[in-house]
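# Structure at a glance
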There are 4 protein chains.
Amino acid sequence: MKVLVWDDDSYLNNPAAIDMHPNGIRNTIANFLKCDDIEVTTAVLSDEDCGFTEEVLRETDVLIIWSHGGNEKIPDPIVERVWTHILGGMGLIALHSSHFNKIFRKLMGTSCTLKWRMNVKERLWTIAPNHPIAQGVDETFALEAEEMYGEPFGIPNPDEVLFLGWFAGGEVFRSGCTFTRENGKIFYFQPGHEDNAAYYNENIQKIIKNAVKWACPLRKNIVLDCPLQEPLEQ
Amino acid sequence: MKVLVWDDDSYLNNPAAIDMHPNGIRNTIANFLKCDDIEVTTAVLSDEDCGFTEEVLRETDVLIIWSHGGNEKIPDPIVERVWTHILGGMGLIALHSSHFNKIFRKLMGTSCTLKWRMNVKERLWTIAPNHPIAQGVDETFALEAEEMYGEPFGIPNPDEVLFLGWFAGGEVFRSGCTFTRENGKIFYFQPGHEDNAAYYNENIQKIIKNAVKWACPLRKNIVLDCPLQEPLEQ
Amino acid sequence: MKVLVWDDDSYLNNPAAIDMHPNGIRNTIANFLKCDDIEVTTAVLSDEDCGFTEEVLRETDVLIIWSHGGNEKIPDPIVERVWTHILGGMGLIALHSSHFNKIFRKLMGTSCTLKWRMNVKERLWTIAPNHPIAQGVDETFALEAEEMYGEPFGIPNPDEVLFLGWFAGGEVFRSGCTFTRENGKIFYFQPGHEDNAAYYNENIQKIIKNAVKWACPLRKNIVLDCPLQEPLEQ
Amino acid sequence: MKVLVWDDDSYLNNPAAIDMHPNGIRNTIANFLKCDDIEVTTAVLSDEDCGFTEEVLRETDVLIIWSHGGNEKIPDPIVERVWTHILGGMGLIALHSSHFNKIFRKLMGTSCTLKWRMNVKERLWTIAPNHPIAQGVDETFALEAEEMYGEPFGIPNPDEVLFLGWFAGGEVFRSGCTFTRENGKIFYFQPGHEDNAAYYNENIQKIIKNAVKWACPLRKNIVLDCPLQEPLEQ
């Protein structure tokens, strides 16, 4: 399975983020994903075609995106290309502030707005313990400091809500949600502010690894069109 | 619209509950529901047929149930009768510990299990502000002391989750959920432990009143069967 | 309630369509919608801002769209404006070939592809007889000639499928589906090829009229944003 | 993976059914399921505990049921036992007339009613081609003679509709639906009247084999209860 981990390098002016992720958020994630079953490459907004050439996307089984300042910076034709590949089978894991990434918003068709506040203790709960993404994950675990995301979350009704987030200021959030868009499987996962340590947490790593396996397509590069259909019955 | 508010009188040995509800939980609720549009009657487990005679059910548009110790005490044929009326159009509002009432469990087809702890501060959030049940309800409001219910909640995937509950011990819960079972609309609502004050809270009252209007059937007493269907096309 | 019926005039070179709709499809529909409760206006692609000025959209409760050749012709900024109003509360009824209208596709986030063939007998079935949109509609009724639409239909999982279409060539389709996008309620309805008579059929008229009432917003012009949320609990 | 194929032998007085299934429907199905990955056993209503002893259920990964005349004949305590195992992880494939089996109805919580007529040509369509159950299945295929099942089908909203059925008399049906009930995955599949040849059709066999693999639990024999939860946060 080929996984591409992409971020927008928008945290490079944040020393605490650079300390947390010396080789970028994309490599922090790639490091824990690599194993015999999963071949991981990384890309960044400043790459050719933002990292999303047709050749790369054809080969990619699952795309993981993390973005913040760069959410609006992928040109529309490239957003369209990535979107087409997701509809055609490529899985998508959208992390944290990429709820506002043009790719994720195009798939949702909604505003994807939410409430927020920095540096809040979070406690995650697995509410669908039987889901593949929840296997080997603790029923509940805490993150000492995260960026609180609060409801209402401007998404369409998810297929399933897998994780709920409790925040110390009294807030709650649908922190892990699945969606299907034709042949593409999508998992949105809230934790992961750039200078917090979520991606070093064992449970978080397990969730993202499980999500990659869950989102891996059975069929890829499916072309969607509107054919004339001849009658099969009289 | 005719609403029947039913409880099981299982709190009569709890002085704090009797103080909170001098005429029973059913009358606490009936008192805030009564208005020009809504004609409210009450019933209790010890009534004839547990309060669920065929004549009463035929006339009832929406049934509200609160039960705890009496959850298992309605005989199966009467559970079946109430269930048939719900499938036939009667709306159901299932409150708090009635998640374990045989009527609610029969409609869900699952265990309806959950975690619990008494006397916990709760904060409710409206996550579907556009839903009819959420109209005129604050985006968020607190209940100083409630019985915490925690995930996972053993229900099938609801049609919609309208309210999430945050609890001071770190717990979260899908506190307000809608379900459809054929012609019957169902709203499960978590707050309402017998010696807590939830049913005197303005937002809680608004939610239950809105839920009654939402659950009111367009058609009632629909008979469901398996007819032989003659061909309409050659 | 204010309803705006819009089409793209793309059938003006089709004499059979002009015979069927002497004042345009939009007026065929407006004529059966007008009543004491519903104030109906019409607009067309060639109007100022394609008919979708900010002032018009602010006032509109439900927008009905029919388009075919003009599906791709609304400029993106105007699509964005209409989309924003739908997320903010305006209801949308998307008819027939407008499955490919940029507005509908933006809300779906998918390709909206399907199979097709002209002049096929269709039989519609009401599979959710309790839904408001199905009230007063026959359980099943036929359209002597329609444009067959066939599965798979490239949409996300609808909230509900209300009507299924049977076609004489052996095809089936999810002919009536509901979706929610934040504050906006959406109904997609398949019948209505430009030179067929669907919009003169009593059942079809009832469905569209019910859909307009169902989609009418409780709240309108809601602004969606990402506010900083101060803690409410310690 | 251990699969148990169960039927109720209710067709033994139907010579055409005996011709079609010389060793019973359960063995017709077992014969095409057996392979290196899948160990198949069979059971029948007349067995000890109707074939559903605690020991057998503990070992079973996926249960396939076919029943007609015996739909109401499993005693309630045994229905409860099977149901508990499904909630605890065992997968369920419910075939054809078992829509009325007490086990399936208990999981649905609805009447499961439908329309019917014998000996109708059916054409199935795969509407979710990306689903694991649809892999290697033709987009559409016909069954020369089946028992028509028609809408409305008295089920709760399925998680997903995978297959739609077209019938020569003008009827349509949600012929393949998935449901989740806590740890149990359920697939309902309409074809399979006792004297028709559906279970000898390659596509039907592929669907049932895929469904067994899809329904195979990740975790089994999970006990569901209501524990007191101590606070994890102050």
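Computed from a predicted model, the values in this text were never measured in an experiment.

Parameters at a glance
The numbering scheme is per chain: residues are counted from 1 as the chain's sequence reads. Written order determines the labels here, with chains lettered from A and ligands numbered from 1. For this predicted model, a pLDDT threshold of at least 70 governs which residues receive local features, and a threshold of 80 or more governs which side-chain atom pairs are given and counted, while totals over whole chains, interfaces and linings are taken from all residues. To obtain the side-chain values, all non-hydrogen atoms of the structure were included, while hydrogens and water were left out. In this text, helices come from DSSP runs of H or I with a minimum length of four residues, and strands from runs of E with a minimum of two, each type numbered from the N-terminal end. Only the C-alpha atoms count toward the radius of gyration. The rule for a globule is 2.2 Å times the residue count to the power 0.38. Relative accessibility thresholds used throughout: buried, under 20% of the residue-type maximum; exposed, over 50%; partly exposed, between the two (1.4 Å probe, protein chains only). Surface exposure here means Shrake-Rupley accessible area, sampled with a 1.4 Å probe, where a residue is shielded only by the protein chains that are shown. When charges are tallied, Lys and Arg are placed among the positive residues and Asp and Glu among the negative ones, while His and the ends of the chain are skipped. Taken as the charge location is NZ of Lys, CZ of Arg, CG of Asp or CD of Glu. To superpose the copies, least squares is applied to the C-alpha atoms of every residue with a pLDDT of at least 70 in both. Note on contacts: a residue pair is in contact if any heavy atoms of the two residues lie within 4.5 Å. Two strands qualify as a pair provided DSSP detects at least 2 bridges between them. All axes here are fitted lines through C-alpha atoms, helices being fitted over the stretch that makes contact, and every angle between N-to-C directions spans 0 to 180 degrees. As used here, the term nonpolar core means buried Ala, Val, Leu, Ile, Met, Phe, Trp, Tyr and Cys residues forming a set that is joined through side-chain atoms within 4.5 Å. By buried area we mean how much accessible surface two parts lose on assembly, using a 1.4 Å probe and totalling the loss over both. Salt bridges are defined by distance alone: a side-chain nitrogen of Lys or Arg within 4 Å of a carboxyl oxygen of Asp or Glu. Known as pLDDT, the predictor's confidence for each residue is given on a scale from 0 to 100. What a helix is expected to span follows from its residue count: subtract one and scale by 1.5 Å. Aromatic rings from Phe, Tyr and Trp, taking only the six-membered ring of Trp, are treated as a pair when their centres fall within 6.5 Å; an angle between ring planes under 30 degrees marks them as stacked, one over 60 as edge-to-face, and anything in between as tilted. N or O atoms within 3.5 Å of each other form a polar contact, as long as, within protein, one can give a hydrogen and the other can take it, and as long as residues adjacent in sequence are counted only when both atoms are side-chain atoms. Only Asp, Glu, Lys and Arg are considered charged, only Ala, Val, Leu, Ile, Met, Phe, Trp, Tyr, Cys and Pro nonpolar, and every remaining residue, Gly among them, polar.

## Section: the overall build of chain A
- Looking only at helices and strands, chain A has 6 helices and 9 strands in total.
- Its C-alpha atoms give chain A a radius of gyration of 18 Å, near enough to 17 Å, the size a compact globule of 234 residues would have.
- Across the 234 residues in chain A, those meeting the buried criterion constitute 63%.
- Just so you have it, chain A exposes about 8,000 Å², and 48% of that area is on carbon and sulfur atoms.
- Across chain A, the centroid of the 21 positively charged side chains sits 2 Å from that of the 34 negatively charged ones.

## Focus on the relation of the copies chain A and chain D
- Superposition of chain A onto chain D requires a rotation of 180° combined with a translation of 0.0 Å along the rotation axis, giving an RMSD of 0.0 Å. The transformation just described matches what one would write down for a two-fold rotation axis. For chain A, the minimum C-alpha distance to the rotation axis belongs to Asp159 of chain A and amounts to 4.0 Å.
- Taken together, the interface assignments show that 100% of the residues at the interface of chain A recur at the interface of chain D, consistent with an identical surface on both copies.

## What about the sheet that holds strand β4 (residues 91-95) of chain A?
Residues and elements named next belong to chain A.
- If you trace the 9 strands from one edge of the open sheet to the other, you get β2-β1-β3-β4-β9-β8-β7-β5-β6, paired in mixed fashion. The open sheet has two edge strands, β2 (39-44) and β6 (140-150), and neither has a second partner. Across the sheet, the axes of successive neighbouring strands diverge by a mean angle of 25°, strand direction being ignored.
- Pairing between strand β3 (residues 62-66) and β4: 5 bridges, direction parallel. Across the sheet, residue Ile65 finds its bridge partner in β4, namely Ala94.
- Contacts from helix α4 (residues 76-87) reach β3, β4, β8 (172-181) and β9 (184-189), with the element oriented near 115° to β9.

## Considering the nonpolar core
- In terms of nonpolar packing, the biggest core is built from 84 residues, with Phe52, Leu92 and Phe104 of chain A together with Phe52, Leu92 and Phe104 of chain B touching the most fellow members.
- Judged by nonpolar contacts, the second largest core, of 47 residues, contains Trp6, Phe104, Val161 and Phe173 of chain D.

## Brief notes about unusual backbone geometry
- Note that the residue after Glu151 of chain C, namely Pro152 of chain C, is joined by a cis bond; omega there is 0°.
- Phi is positive for Asn119 of chain C, close to 60°, though the residue is something other than glycine.
- Mapped onto the elements, Asn119 of chain C comes out in strand β5 (residues 115-126).
- Here Cys50 of chain D, not a glycine, exhibits a phi torsion of approximately 60°, which is positive.

## Section: the sheet that holds strand β1 (residues 2-7) of chain D
Residues and elements named next belong to chain D.
- With mixed pairing, the 9 strands of this open sheet are ordered in space as β2-β1-β3-β4-β9-β8-β7-β5-β6. Looking at which strands have only one partner, the edges of the open sheet turn out to be β2 (39-44) and β6 (140-150). The sheet shows a mean angle of 25° between the axes of neighbouring strands, taken without regard to direction.
- Alignment of β1 against strand β3 (residues 62-66), held across 5 bridges, turns out to be parallel. Residue pairing across strands places Trp6 opposite Ile65, the latter belonging to β3.
- Strands in contact with helix α4 (residues 76-87) are β3, β4 (91-95), β8 (172-181) and β9 (184-189); relative to β9, the strand with the most contacts, it is inclined by about 115°.

## Quick word on the interface of chain A and chain C
- The partner chain C presents 40 residues to the 40 residues of chain A that form the contact.
- Each partner contributes to the roughly 2,700 Å² buried at the junction of chain A and chain C, and carbon and sulfur atoms together form 58% of this total.
- By the criterion of area lost to chain C, the three top residues of chain A are Trp116, Cys226 and Gln229 of chain A, representing 19% of everything that side buries.
- The tally of links between chain A and chain C comes to 0 salt bridges.
- For the side of chain A that touches chain C, the secondary-structure elements that each account for two or more residues are α4, α5 (102-108), β5 (115-126) and β8 of chain A.
- Per element, the largest residue contribution to the side of chain A that touches chain C is 4 residues, and it comes from α5 of chain A.

## Looking at the confidence of the model for chain A
- Per-residue confidence for chain A gives a mean pLDDT of 97; residues scoring 70 or more make up 100%.
- For this predicted complex, the interface score ipTM comes out at 0.97, alongside a pTM of 0.97.

## Concerning α4 of chain D
- Over its 12 residues, α4 of chain D extends 16 Å from the first C-alpha to the last, a length consistent with the 16 Å expected when each residue adds 1.5 Å.
- Phi for Gly89 of chain D, located one or two positions after α4 of chain D, is positive at around 135°.

## Comments concerning the packing of aromatic side chains
Residues and elements named next belong to chain C.
- Evaluation of the coordinates by the stated rule reveals 42 aromatic pairs over all chains.
- Aromatic side chains Tyr11 and Trp66 sit 5.6 Å apart centroid to centroid with 85° between the ring planes, which places their arrangement in the edge-to-face category. On the criterion of sequence distance, the pair formed by Tyr11 in the loop between β1 (2-7) and α1 (15-20) and Trp66 in strand β3 (residues 62-66) is long-range, its members being 55 residues apart. The burial state of Tyr11 is the same as that of Trp66; both residues are buried.

## Considerations on helix α2 (residues 25-33) of chain A
All names here are of chain A.
- Among the 9 residues in α2, 7 count as buried, and that is most of the element.
- Residues of α2 that are buried include every one of Ile25, Arg26, Thr28, Ile29, Ala30, Phe32 and Leu33, and no others.
- On its buried face, α2 sits against β1 (2-7), α1 (15-20), β2, β3, β4 and α6 (202-215).

## Section: the pairing of strand β1 (residues 2-7) of chain B
Residues and elements named next belong to chain B.
- With 5 of its 6 residues buried, β1 lies for the most part within the structure.
- Of the strand pairs in this sheet, β1 and strand β2 (residues 39-44) are connected by 6 bridges, and their pairing is parallel. What sits directly across from Trp6, in β2, is Ala43.

## Section: the interface of chain A and chain D
- Contacts between the two partners involve 18 residues from chain A and, on the opposite side, 18 residues from chain D.
- Together chain A and chain D conceal approximately 1,600 Å² of surface at their shared face, both sides included; 51% is due to carbon and sulfur atoms.
- Of all residues in chain A, Asn130, Leu218 and Glu233 of chain A give up the largest surface area on contact with chain D, accounting jointly for 39% of the area buried on that side.
- Where chain A meets chain D, there are 4 salt bridges.
- If you look at where chain A meets chain D, you find 8 residue pairs in polar contact (both at pLDDT 80 or more).
- If you list the elements that add at least two residues to the side of chain A that touches chain D, you get β5 and β6 of chain A.
- Counting residues per element, the side of chain A that touches chain D draws most heavily on β5 of chain A, at 3 residues.
- Of the residues assigned to the side of chain A that touches chain D, the class counts are 7 nonpolar, 6 polar and 5 charged.

## What about the pattern of salt bridges?
- What the rule picks out here adds up to 60 salt bridges over all chains.
- Put simply, Glu233 of chain B and Arg123 of chain C hold a salt bridge, and the shortest N to O gap is 2.8 Å. Placement of the pair is Glu233 of chain B in the segment after α6 (202-215) and Arg123 of chain C in strand β5, with the two residues belonging to separate chains. Here the two residues Glu233 of chain B and Arg123 of chain C agree in accessibility, since each one is buried.
- One salt bridge in this structure joins Lys2 of chain D and Glu59 of chain D, with 3.9 Å as the shortest N-O distance.

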